[in-house]
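Fold and contact review
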Amino acid sequence: MNQTEARQPSELELERRAFRRRQGLRSVLISLASTLALAVVVWFTLINTPGWARVQQTFFDPEVFVAALPRVWDGFLLNLRVLLVAAVSVLVLSIAVAGIRTLRSPVFFPLRALATAYTDLFRGMPLIIVLFLVGFGIPGLIGSGGPRIPSEVLGTIAIVLVYSAYVSEVFRAGIEAVHPSQRLAARSLGLSHGKTMRLVVLPQAVRKVTPALMNDFVAMQKDVGLISVLGAVDAVRGAQIVTSQFYNFTPYVVAGLLFVLLALPLIRLTDWYTARLRAREQIGGIV
Amino acid sequence: MSAVLRLQDVRKSFGGSEVLRGIDLDVAEHEVVALIGASGSGKSTLLRTINLLERVDDGRILLRDRDITDPREDADAIRARIGVVFQHYNLFPHLSVLDNVTLALRHVARVDRGHAEARGLELLARIGLADFARAFPDRLSGGQQQRAAIVRAIAGSPELLLLDEVTSALDPELVGEVLELVRELKADGTTIVMATHEMAFARDVADRVVFLDRGVIAEQGTPAQVFGAPREARTREFLARVL
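As the structure is a computational prediction, the values presented were derived from the model and not from experiment.

1. Some thoughts on the overall build of chain B
When helices and strands are counted, chain B shows nine helices and 10 strands. Against the globule reference of 18 Å for 243 residues, chain B gives a C-alpha radius of gyration of 18 Å, in line with a compact fold. Relative to its 243 residues, chain B shows a buried fraction of 44%. Here the contacts in chain B between residues at least 6 apart in sequence split such that 64% fall between residues at least 24 apart.

Right, here's the structure in full:
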């Protein structure tokens, strides 16, 4: 049984392996050298630009960096809260919209038309305009006598409205990608349309679109910084406040770094997941 | 004896082409009926209309003397009483074999998970797939998948089982195990309507063979009569081509 394990590779195979090893070593050395050369070129170009000293001072001042961190961090925690609430809301709303758009019965025409109009409208409109419309429109509707809604709540609503429109299209693509025979099999067992969607179609659709969903989530992570335009004191707004105190832009870099640090794990996770999907679908392939 | 299933002048067309042109057929309790005929003769469409996966254009289908083509009937409840097995198995790839088998029990018949799984495991053990209960369908061979699909269809103890070319997608050496299971179901007294290309199997297992030709029943009778002494010229032509 275990003959293959004990067997020595032939001369031919050993020679091929040695060649591949040499090739591999060579390409690693070449890429290392070229990366270093590029880094050196970029660095020297940068520090030799006429304004480098001034830019370094206004954007990368270590003292301001340390001073800004607590304030920006406090704001960043608000961004995290908004992100969490928005992500959950987007999931719920977008699945609902995608589900409505896949209903075929003529009875649901008004609902379907509404869902289509919604995705068309909010996918077309710039986020910043939606932020203004919601941020100033809803308080306007309530009037000065009514309760005051915090600006971060209004900002979250705007982000949810825009992102749900995008994400619902991702889900719809996933639902359409599940083979109709799956629906047929589920209905033949007596499952209703709703149960077929919930138990058979959606779980398969979600698997198909997970990389696209994660991508949208990364995009949303940084767009939550836009709620600052409504006056919510988040990381961006916090940075703005510190900037005006020091007449120095380093706080924005602090905020930017925090957003990147937040996004990195998920970006890596997306890459890993995509690679895993590819590996599973191409068993044994080398191209 | 009262019929389990009774078709009366069932008609169905897609676009301009008439696929079923007035089918009358009675299926008795415990009877196994084999539908034979060329591709496009309407076998699959007929099975799908019986399970209400297609709506008939005219005629009636009676399940235990109740008109199930009546739009006032609850189609989901009727489908739950009729098991269907498809050519390409159509197992749910995201669910384990056991969850495939118990899905309808849990969500349609509303059996609690414990009892549903006990029933599912018992059925899987009967077909020798108990070890695969927690595996996903893509780990199974085609024949195993099809047998799991058959068990999924009978888990809810349907009154009628429809088999749509259940061996057509299988490698020849896997056909036998699936046919063996169908034979066992017949021995249990299951009422079966099956579309098939396996003439030898139809002759062996069916109580009655129905030859469909371009949407009408051209001839029907016992296997011995239809295969041994076909009355119609077109039956003879068809059999000459496939045997």
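Now that the structure has been shown, we can carry on.
2. As for the pairing of strand β10 (residues 216–221) of chain B
All names here are of chain B. Two elements, strand β9 (residues 208–213) and β10, share five bridges in a ladder whose sense is antiparallel. Counted as the bridge partner of D213 is V216 from β10. The antiparallel pairing of β9 with β10 creates a hairpin that spans two residues between the two strands, and R214 there sits at a positive phi of about 45°.

3. Here we look at the sheet that holds strand β6 (residues 82–85) of chain B
Neighbouring strands of a sheet are bound in pairs by backbone hydrogen bonds; such pairs are parallel or else antiparallel. Residues and elements named next belong to chain B. If you trace the six strands from one edge of the open sheet to the other, you get β6-β7-β8-β3-β9-β10, paired in mixed fashion. Among the strands making up the open sheet, the edge pair consists of β6 and β10. Direction aside, neighbouring strands of the sheet carry axes that sit 20° apart on average. The sheet contact formed by strand β7 (residues 160–164) and strand β8 (residues 192–195) spans four bridges and is parallel. Looking at β8, one finds that L161 is bridged to I192. The sheet strands contacting helix α5 (residues 142–154) are β6 and β7, and the helix crosses β6 at an angle near 170°.

4. What about the confidence of the model for chain B?
Residues at a pLDDT of 70 or more form 100% of chain B, whose mean pLDDT is 93. On the interface metric, ipTM, the complex scores 0.91, and its pTM is 0.81.

5. Overview of the sheet that holds strand β2 (residues 17–28) of chain B
Residues and elements named next belong to chain B. With respect to topology, four strands assemble into an open sheet ordered β2-β1-β4-β5, the strand pairing being antiparallel. Taken across any chain shown, the strands that pair with only one partner, and hence form the sheet edges, are β2 and β5 (66–67). Of the strand pairs in this sheet, strand β1 (residues 3–14) and β2 are connected by nine bridges, and their pairing is antiparallel. From the neighbouring strand, R11 faces β2, where its bridge partner is R21.

6. A look at the nonpolar core
In terms of nonpolar packing, the biggest core is built from 110 residues, with A86 and A158 of chain A together with A34, L35, L162 and V193 of chain B touching the most fellow members. A per-element tally of this core places helix α7 (residues 151–177) of chain A first, with 13 residues. Among all residues touching A158 of chain A, those that are not within four sequence positions of it are V130, L131, V134 and G135 of chain A. In this structure, V72, A235, A239 and V242 of chain A belong to the second largest nonpolar core, which totals 11 residues.

Criteria and cut-off values
- Residues numbered from 1 in each chain as written.
- Chains lettered and ligands numbered in written order.
- Predicted model: local features only at pLDDT ≥ 70, side-chain atom pairs only at ≥ 80, totals over all residues.
- Helix = DSSP H or I, 4+ residues; strand = E, 2+ residues; numbered from the N terminus.
- Rg over C-alpha atoms; globule rule 2.2 N^0.38 Å.
- Buried ≥ 20, exposed ≤ 12 C-beta atoms within 10 Å, placed from the backbone.
- Contact = placed C-beta atoms within 7 Å.
- Pairing = 2+ DSSP bridges.
- Axes fitted to C-alpha atoms, helices over the stretch in contact; angles between N-to-C directions.
- pLDDT = per-residue confidence, 0-100.
- Core = buried A, V, L, I, M, F, W, Y, C linked by C-beta atoms within 7 Å.

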